[in-house]
Amino acid sequence: MSKSIHAIESKAFYLNPNRSVAVINYNEEYIQDIFQLINSQGFHNLVELYLAESQRAVTNKVEGLKADTYINILKAILIDDKPSYEKYGNEQILKSIEDFYSYYRSYFRVSLINKHSSAIVKGNFMNIDNRFNEVVIHLYRAIEEKLQGFTNKTYRQINAGTNACVLTQSIKWNTPQKYQALESIRFLDTIMLRPPMMMHTKSNKREGVFSATSNNPIEKFDGTQKDWYCFPAKIGESLAFIYFHRDYFVSGIALANLFEVADEKSIAGQKPDEIILFGLKKTEGDVSHYYHDEETDIWVGEVPYNDKTTYFGYMKKMCLTVHNLHMIYENRLPIHGSMVNISFSNGKTKSVVFFGDSGAGKSESIEALQEIADDKIINIETIFDDMGSFAFDESGNIYAQGTETGAFVRLDDLSSSVAFNNMDRGIYLNPELKNARVILPANTYKHVVEHHQIDMWVYANNYDSKIGLHQFPDEKQAKETFIAGKRKALGTTDEIGMSTTFFANPFGPVQEEAKTRPIIDKIFNKLYQDNIYVGEIYTHLGYDKSKDSLQESAKELLSELMNN
C-alpha cells in the first residue's frame, strides 16, 4: 500500500506515511488495555490514514467507510454485538482487519519515555513497552478470533506495537552561545531494539561527496523539542551529537547498531567534537555539507530533508566525514577499510588492515579467508569494519584504532552462514532491493578504541586481472597505489566503471588533501622502517563474480600470514 498522505498527530501519537515512521510518546499517554487503545485519538488517526490509503483501490466495502463507523464495528465485535457488524460480512471485516494490522506494522514504530532522571523509569522502560505490545496484539487477536469463530492453534509473538523503545533525557552540556538553539533537544539515553528489524526507506543509494560550506549550518536550525532528537555517539575517541528530525528515526535508531551511545557523564558539561544536523529544511543546492567552526573547534555537518537522504548511508557517511576531518586536524590518518585480528591454529595472531573504497572487496576478502581456512583459523575478530585511523603513540610507534562498534554491510557480500547466524541482532534496510544492507554489532567500544598494532596493510585491488597477493617493494610504489585510490565501481554508490578517489577515502582526505598528504608520508615512512608488510590483494570483483579467483588470492594471503 503506497503512502503519500501528510503526517498526522495527536497528543501522544505521530504518524508520517511518507516516511513510514510512527512515534508513540508514553509520557503524553500510556495505553494499558484494549478499550483505552480503541478509544484513543491516536488509534482514530491510524484508522483514518489506513482508510484514506485503502480507498484508492477499494476492493472491500468495509474499507469504504468513515473512520468512526469502522471503529464502531470493531467495538461491536469486542462486545459481541453481532447485529451491528454482521451486515458487513465477517470475512470482509476479517480481511480488512488483517490489512489494517499489516498497514500499522509496515511503519517503523518507536516509543519514547522521557527519563526525568528517574531510576525507576530506566529500570522498567522495557516492561512498559512490552505491555503496550501485548495490548496491541491482544486487540488484534480478540477481533480476529471473534470474527472467525474459533481460537487459533498457532500464535506468532511478533512486535505488534513497536520496533524500538527509547529513553530520552535532557542533559546540560557545554553549549557555545551560537548553539543555544540545540539546548532543549533531548538526548537518546537508552535504546531497546526488537531485532531482527526490517526497515524501509525511499532511497537505497548514496550519491556524491560532501563539500564545505562557508556558513555555519546551525544558523538554519529552527527545530523544536517535539520534532528533533539527539543521538550522542562515541565515534572513535570523538564525541558527536547527531541531531535528527523525527521523520529520520529509522536512521537515528539504526545508529545504535553502529556507534556506542555516549552516557550522561560523557555529555554533561562537555563540548562535542562534531555536530550533525540531519533533516534541515533547506541547504545550499539541497545537498549535504560540512563546516569547521574554528572559534569553537566544532565540526558541523548538515543534511537536507528529502527523499534521497532517507538512505542510512547519508547518516553514516556524514558522521564519518566530520569525524575524519577532525582526525586529520589532530594529525591522524583516516583509513577507509576493515581491520581484523586473526588467531591461527599454529599459535600466531596477526592484525591485518584491508584498504579500499566502496565495492573494492574488503569484506569479501575477509569472508574468502574464512571460507578457505578450514581449521587453520581459530577466530577472526573485527576491530573496525569500514573506517578507522592510524596514529603515532608517545614513543613514535604506529597504532590503529577503530571508529564503529558495528558493521554496515551489503547483504550480497555476506555468506549465508554469517547472515543467518547474526539475523537475530540485525537491522535490515530495504532487504528486498538491490544494494540491500544490514547493520550488525561487531565489537565492544572499549576494544575498538584500543591501540592495535599493524602486521599487514593490503590494498583491495578489484580492477586488475591478476590473482594472488603482491607486496610493494618500496614506499614510493605503495604510496602511488594507495593514494591513487583506483577501483572498478560496482554500483554501491552513484559511480559506474573505473574511478579514482584520493587515498580511496571520499570522507575526509578528499576534502583536505593538502593536510592529509604529510600524514600519509609519515605513516608510510614509518611502516617501511619497521618492515611492516604493505601490499595489495587482487579481489577480482570487477571481473569475476564467482569468487573463485578471490579465494585463490585468499589462499596466498593465508600462507603469507601463517608462514612469514
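Residues numbered from 1 in each chain as written. Predicted model: local features only at pLDDT ≥ 70, side-chain atom pairs only at ≥ 80, totals over all residues. Heavy atoms only, no water.

Draft legend 1. Region of interest: the overall build of the protein. Across its full length, the protein holds 14 helices and 27 strands. A globule of 564 residues ought to have a C-alpha radius of gyration of about 24 Å, and the protein, at 26 Å, matches this closely. For the protein, the spread of C-alpha atoms along the three principal axes comes to 85 × 55 × 45 Å. Within the protein, the proportion of its 564 residues that are buried is 59%. Sequence-distant contacts in the protein: of pairs separated by 6 or more residues, those separated by 24 or more amount to 76%. (Helix = DSSP H or I, 4+ residues; strand = E, 2+ residues; numbered from the N terminus. Rg over C-alpha atoms; globule rule 2.2 N^0.38 Å. Buried < 20%, exposed > 50% of the residue type's maximum accessible area, 1.4 Å probe, protein only. Contact = heavy atoms within 4.5 Å.)

Draft legend 2. Focus on the sheet that holds strand S21 (residues 427-429). Within the open sheet, the four strands sit side by side as S7-S21-S22-S20. Their pairing is mixed. Either end of the sheet is taken by a strand with one partner, and the two such strands are strand S7 (197-199) and strand S20 (406-410). Across the sheet, the axes of successive neighbouring strands diverge by a mean angle of 20 degrees, strand direction being ignored. Pairing of S20 with strand S22 (residues 437-441) involves five bridges; the strand directions are antiparallel. By the bridge assignment, Val409 is partnered in S22 with Val438. (Pairing = 2+ DSSP bridges. Axes fitted to C-alpha atoms, helices over the stretch in contact; angles between N-to-C directions.)

Draft legend 3. Layout of the packing of helix H2 (residues 41-54) against helix H4 (residues 90-105). The interhelical angle for the contact between H2 and H4, taken along N-to-C directions, is 110 degrees, at an axis separation of 10 Å. Between H2 and H4, the crossing angle belongs to the class labelled roughly perpendicular. Contact with H2, carried on its side by Phe43, Leu46, Val47, Leu49, Tyr50 and Glu53, involves Ser96, Asp99, Phe100, Tyr103 and Tyr104 of H4 and no other residues of that element. The residue inventory of the contact of H2 with H4, partitioned by class, reads eight nonpolar, one polar and two charged. (Parallel < 35°, antiparallel > 145°, perpendicular 65-115°, else oblique. Nonpolar A, V, L, I, M, F, W, Y, C, P; charged D, E, K, R; others polar.)

Draft legend 4. Region of the structure containing H4. Along its 16 residues, H4 runs 23 Å from first to last C-alpha, staying within 8% of the 22 Å computed at 1.5 Å per residue. Listed in full, the buried residues belonging to H4 are Ile93, Leu94, Ser96, Ile97, Phe100, Tyr101, Tyr103 and Tyr104. (Expected span 1.5 Å × (residues − 1).)

Draft legend 5. Representation of the pattern of salt bridges within the structure. In total, this model carries 27 salt bridges according to the counting rule given. A salt bridge links Lys316 to Asp386; the shortest N-O distance between them is 3.0 Å. Residue Lys316 is located in helix H8 (residues 312-329), and its partner Asp386 is located in the loop between strand S17 (377-384) and strand S18 (387-392); the two are separated by 70 residues in the primary sequence. The exposure class assigned to Lys316 is buried, which follows from its relative accessible area of 1%. Classification of Asp386 by relative accessible area gives buried; the value is 8%. Lys476 serves as the salt-bridge partner of Glu480, at 2.7 Å between the closest nitrogen and oxygen. Of this pair, Glu480 and Lys476 both sit in helix H12 (residues 475-484), separated by four residues, roughly a single helical turn. By relative accessible area, Glu480 is classed as partly exposed at 46%. A relative accessible area of 58% means that Lys476 is categorised as exposed. (Salt bridge = Lys/Arg side-chain N within 4 Å of Asp/Glu carboxyl O.)

Draft legend 6. Structural detail: empty space enclosed by the protein. In this structure the tally under the stated criterion is two cavities of 30 Å³ or more. Each pocket or cavity is described by its volume, and for the largest cavity that value is around 380 Å³. Looking at the largest cavity, it is lined by 22 residues, and the ones nearest its centre are Leu37, Phe43, Leu46, Tyr104 and Val136. Elements represented by at least two residues in the lining of the largest cavity include exactly H2, H4 and helix H5 (119-148). When residues of the lining of the largest cavity are assigned to their parent elements, the largest contribution, five residues, is made by H5. Considered class by class, the residues forming the lining of the largest cavity number 18 nonpolar, three polar and one charged. Within this model, the second largest cavity holds a volume of roughly 300 Å³. Taken together, 25 residues line the second largest cavity, and the ones lying closest to its centre are Ser358, Asp386, Phe408, Arg410 and Arg437. (1 Å grid on protein atoms, 1.4 Å probe; cavity = no way out; pocket = protein on both sides within 12 Å on 5 of 7 lines; lining within 4 Å. Points joined across faces, edges and corners; volume = space filled by probe spheres on them.)

Draft legend 7. Local environment of the nonpolar core. In this structure, Phe43, Tyr70 and Ile93 are the most contacted members of the largest nonpolar core, which totals 51 residues. Where this core is concerned, the elements lending two or more residues are strand S2 (13-16), strand S3 (21-25), helix H1 (34-38), H2, helix H3 (67-78), H4, H5 and strand S5 (164-169). No other element matches the ten residues that H5 contributes to this core. Excluding its chain neighbours within four sequence positions, the residues that come into contact with Phe43 are Phe13, Leu37, Ile38, Ile71, Leu74, Phe100 and Leu139. Within the second largest apolar cluster, 48 residues are counted, among which are Ile235, Phe249, Val250 and Ile439. (Core = buried A, V, L, I, M, F, W, Y, C linked by side-chain atoms within 4.5 Å.)

Draft legend 8. Examining H3 more closely. Across its twelve residues, H3 extends 17 Å between first and last C-alpha, which sits within 8% of the 16 Å expected from 1.5 Å per residue. Among the residues making up H3, those that are buried are Ala67, Tyr70, Ile71, Ile73, Leu74, Ala76, Ile77 and Leu78.

Draft legend 9. Representation of the environment of Ala240 in the model. Note on placement: Ala240 falls in strand S10 (residues 238-245). Between the C-alpha atom of Ala240 and that of Ile267, which follows or precedes it by 27 residues, the distance is 9.7 Å. If sequence neighbours within four positions are ignored, Ala240 has contacts with Phe231, Pro232, Ala233, Ile235 and Glu274.

Draft legend 10. Up close: the layout of surface pockets. Counted as a void, the second largest pocket has a volume near 330 Å³. For the second largest pocket, the lining is made up of 21 residues, of which Asn25, Glu28, Arg186, Lys226 and Tyr229 are closest to its centre. Secondary-structure elements contributing two or more residues to the lining of the second largest pocket are S2, S3 and strand S4 (108-114). Here the lining of the second largest pocket is composed, by residue class, of eight nonpolar, seven polar and six charged.

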